[in-house]
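Summary of structural features
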Amino acid sequence: ALGKLRKAQEFLALSDVTLEQKVETMDKAEAVAEEAATLCRQAGWREAEGRLEKAFRAAEETWRETAKARIVAAMEVLRSTEDKSELLAALEEADAAGLGAEPGCPGEEQRVIQEA
């Protein structure tokens, strides 16, 4: 399960992957993490359960960081071309990745979203 979560994290960091593929990957990663964590809990393997949760959170964070970088890049494109399509796509990905949605999310996330 940890290997699958690490692969999901690597996949989510790619910039040439569609939003649909990222959502599907994150859904599968969540299902794998939940199933494995349940088995670990039942077996009393608290340390393994913690590693799974940490790996899943790392995948989520990677996607948020990728989405934030895409917004920044799209804002640069917008400044030079007036084409808003990439910025809109980047904002859609940021929303799907949960960027800025967490209570107490980092100020950097809020700043990037507000600038967009």
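Here, every reference points to the structure presented above.
So, a few notes on the structure that sits alongside this text. (Residues numbered from 1 in each chain as written. Predicted model: local features only at pLDDT ≥ 70, side-chain atom pairs only at ≥ 80, totals over all residues. Heavy atoms only, no water.)

1. Things to note about the overall build of the protein
Looking only at helices and strands, the protein has 5 helices and 0 strands in total. When its helices and strands are written in sequence order, the protein yields α-α-α-α-α. Taken across its 116 residues, the protein has 34% of its residues classed as buried. Restricting the contact set of the protein to residue pairs at least 6 apart, pairs at least 24 apart contribute 63%. (Helix = DSSP H or I, 4+ residues; strand = E, 2+ residues; numbered from the N terminus. Buried < 20%, exposed > 50% of the residue type's maximum accessible area, 1.4 Å probe, protein only. Contact = heavy atoms within 4.5 Å.)

2. Digging into the packing of helix α2 (residues 19-43) against helix α3 (residues 46-81)
One can describe the packing of α2 onto α3 by two numbers: an axis separation of 8 Å at closest approach and a directional angle of 165°. Viewed along their axes, α2 and α3 adopt a mutual orientation that is roughly antiparallel. Handedness of the crossing formed by α2 with α3: left-handed. Contacts between α2 and α3 involve Leu-19, Lys-22, Val-23, Met-26, Ala-29, Glu-30, Ala-33, Ala-36, Ala-37, Cys-40 and Arg-41 from the former and Arg-46, Ala-48, Glu-49, Leu-52, Glu-53, Phe-56, Ala-59, Glu-60, Trp-63 and Thr-66 from the latter. Its residues assigned to classes, the contact of α2 with α3 shows 13 nonpolar, 1 polar and 7 charged. (Axes fitted to C-alpha atoms, helices over the stretch in contact; angles between N-to-C directions. Parallel < 35°, antiparallel > 145°, perpendicular 65-115°, else oblique. Left-handed = near helix turned anticlockwise from the far one by under 90°. Nonpolar A, V, L, I, M, F, W, Y, C, P; charged D, E, K, R; others polar.)

3. Details of the packing of α2 against helix α4 (residues 85-97)
Two elements in contact, α2 and α4, have axes separated by 11 Å at closest approach and are oriented at 5°. Between α2 and α4, the crossing angle belongs to the class labelled roughly parallel. Packed against α2, whose contacting residues are Leu-19, Lys-22 and Val-23, the element α4 presents Glu-92, Glu-93 and Ala-96 at the interface. Counted by class, the contact of α2 with α4 contains 3 nonpolar, no polar and 3 charged residues.

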